[in-house]
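# Results of the structural survey
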Amino acid sequence: MKVPYFDLPGNIRSIRPELDAAISRTLDSCAFCLGPEVAQFEHDFAAFVGTRHCVGFNSGTSALHVAMRLLDIGPGDEVITTPFTFVATSWAIAYVGARPVYVDIDEKTMNLDPSLLERAITPRTKAVMPVHLYGHPFDVDPILEICARRGLPMVEDAAQAHGSRYKGRSVGTFGVLSGFSFYPAKNLGACGEGGALAMDSAEHARRAGALREHGASNRYYHDEVGYNYRMEGIQGAVLRVKLAHLAAWTAARRRIAHRYHELLAQTPLVLPIEAPNAESVYHLYVVRHPRRDKLRDHLLARGVGTALHYPLPLHLQKCFAGLGYGSGDFPIAERAARDCLSLPIYPEMSDSQTEYVAAAIGEFKDW
Ligand SMILES: *Cc1c(COP(=O)(O)O)cnc(C)c1O
């Protein structure tokens, strides 16, 4: 049997007629940049998240970049974030000329550790941007409490967490602004690139809409330096189709995760946990073991694809050498980078595939 790490062709096949109709509709209307499909998707996605407004972008990175602009963050400012995430969280901070300030992660959830947050705040701190990593919500309440007390806005990077819940409430509703990605491999993925900001503030929504369109709220009148960050009409149409399936896809991911929990409980692997009060959408199912490279080779030889999220924490990346961090600064993140292994998990995965992956792990003797 073969179990690919991810099965995008299977996902597209499962809804192909609906996608064909949506794309065809957009070809008829020729509304290729923003347009009614994007406006309808923004409306639907705001309702899904539970915010008053949603503004569509051409990527999650663009959305987070504009979040920094909306908070007027710039050179000399600091934004506190996690070193253990996809690099784009820190791009948003770097793009506006501000400095990412890292705080180590919590061993159990791999998310920013709230107990380390307050000591990282300086007079230059302008915002806190944690990530709901792998689809598991970060510990919102203690972070919000510190932000409220210190007068700092919290921005959620929810790029991996469409529909995750914290204390029963959807992520994306806690921060002043929340960024989502619709990269094809995300839980909700476009047929191309896409992203969004969710927010309650009408003023932020208005300004975000202008910044993504060259800084113009009136065509050819540019209030501030903006970007071409528009969502494409075809992606809006595709995302409307896919959003209608998201709840079922999330349920399937959660079922597979629970099956892995059962099947892998007796192995030496450290399994992902769901914190009390948290409901993960299992964007990824990440297990941990110091022998993960050997295990990875073993699985590959048995036709099972795996991935690493992430092999090098951001404070040790060459592009951020100028920040002055070094090895040993964030030991929990550094250890996670050494022993994390992402197993296949996607809605189209069959029970027999899940069982095959677990059986292949069971055959590994080189712990
Ligand atoms: C995917 C991702 C992004 C960026 O989204 P793109 O749409 O790929 O630009 C940002 N943050 C995190 C945590 C992500 O996983």
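So, here is what we can say about the structure in this document. From a predicted model like this one, the values you see are computed outputs, not experimental measurements. (Residues numbered from 1 in each chain as written. Predicted model: local features only at pLDDT ≥ 70, side-chain atom pairs only at ≥ 80, totals over all residues. Heavy atoms only, no water.)

## Section: the site of the ligand
Taken together, 16 residues lie near the ligand, and Gly60, Thr61, Asp157, Ser181 and Lys186 sit nearest. Threonine 61 is positioned such that a nitrogen or oxygen atom in its side chain is 2.5 Å from an oxygen atom of the ligand. In this structure, glutamine 160 approaches the ligand through a side-chain N or O atom, which is 2.8 Å from an oxygen atom. Computed on the free molecule, the ligand has an accessible area of 380 Å², of which 93% lies beneath the protein chains in the complex. When atom positions are compared with the pocket grids, the ligand is found to occupy the largest pocket. Of all the elements, helix H4 (residues 60-70) adds the most residues to the shell around the ligand, at three residues. By residue class, the composition of the shell around the ligand is six nonpolar, eight polar and two charged. (Near = heavy atom within 4 Å. Polar contact = N/O pair within 3.5 Å; in protein donor to acceptor, adjacent residues only side chain to side chain. Areas by Shrake-Rupley, 256 points an atom, 1.4 Å probe, with all protein chains shown as cover. 1 Å grid on protein atoms, 1.4 Å probe; cavity = no way out; pocket = protein on both sides within 12 Å on 5 of 7 lines; lining within 4 Å. Sits in = over half its atoms within 2 Å of the grid points. Helix = DSSP H or I, 4+ residues; strand = E, 2+ residues; numbered from the N terminus. Nonpolar A, V, L, I, M, F, W, Y, C, P; charged D, E, K, R; others polar.)

## Remarks on empty space enclosed by the protein
As enumerated under the stated definition, the model contains one cavity of 30 Å³ or more in all. Its volume calculated, the largest cavity comes out at about 90 Å³. Taken together, Phe6, Leu8, Asn11, Pro184, Lys186, Asn187, Gly189, Lys242, Trp249, Arg253, Pro347 and Glu348 make up the lining of the largest cavity. Looking at the lining of the largest cavity, the elements with two or more residues in it are helix H1 (8-14) and helix H9 (246-264). Counting residues domain by domain, the lining of the largest cavity receives three or more from each of domain 1 (8-103 + 111-243) and domain 2 (246-362). (Points joined across faces, edges and corners; volume = space filled by probe spheres on them. Domains from an automatic or database assignment.)

## Things to note about the sheet that holds strand E6 (residues 165-166)
The three strands are arranged E7-E6-E12 in an open sheet whose pairing can be described as antiparallel. Strands at the two margins of the open sheet, each flanked by one partner only, are strand E7 (169-170) and strand E12 (278-279). By the bridge criterion, two bridges tie E6 to E7 in an arrangement that is antiparallel. Looking at E7, one finds that arginine 165 is bridged to serine 170. (Pairing = 2+ DSSP bridges.)

## Concerning helix H6 (residues 140-150)
For H6, the full list of buried residues reads Val140, Ile143, Ile146 and Cys147. Across the axial projection of H6, the buried residues extend over an arc of 140°, all falling on one side. In this fold, the buried residues of H6 make contact with strand E4 (125-129) and E6. In the segment just after H6, glycine 151 is the residue with positive phi, at about 65°. (Buried < 20%, exposed > 50% of the residue type's maximum accessible area, 1.4 Å probe, protein only. Arc of directions from axis to C-beta. Contact = heavy atoms within 4.5 Å.)

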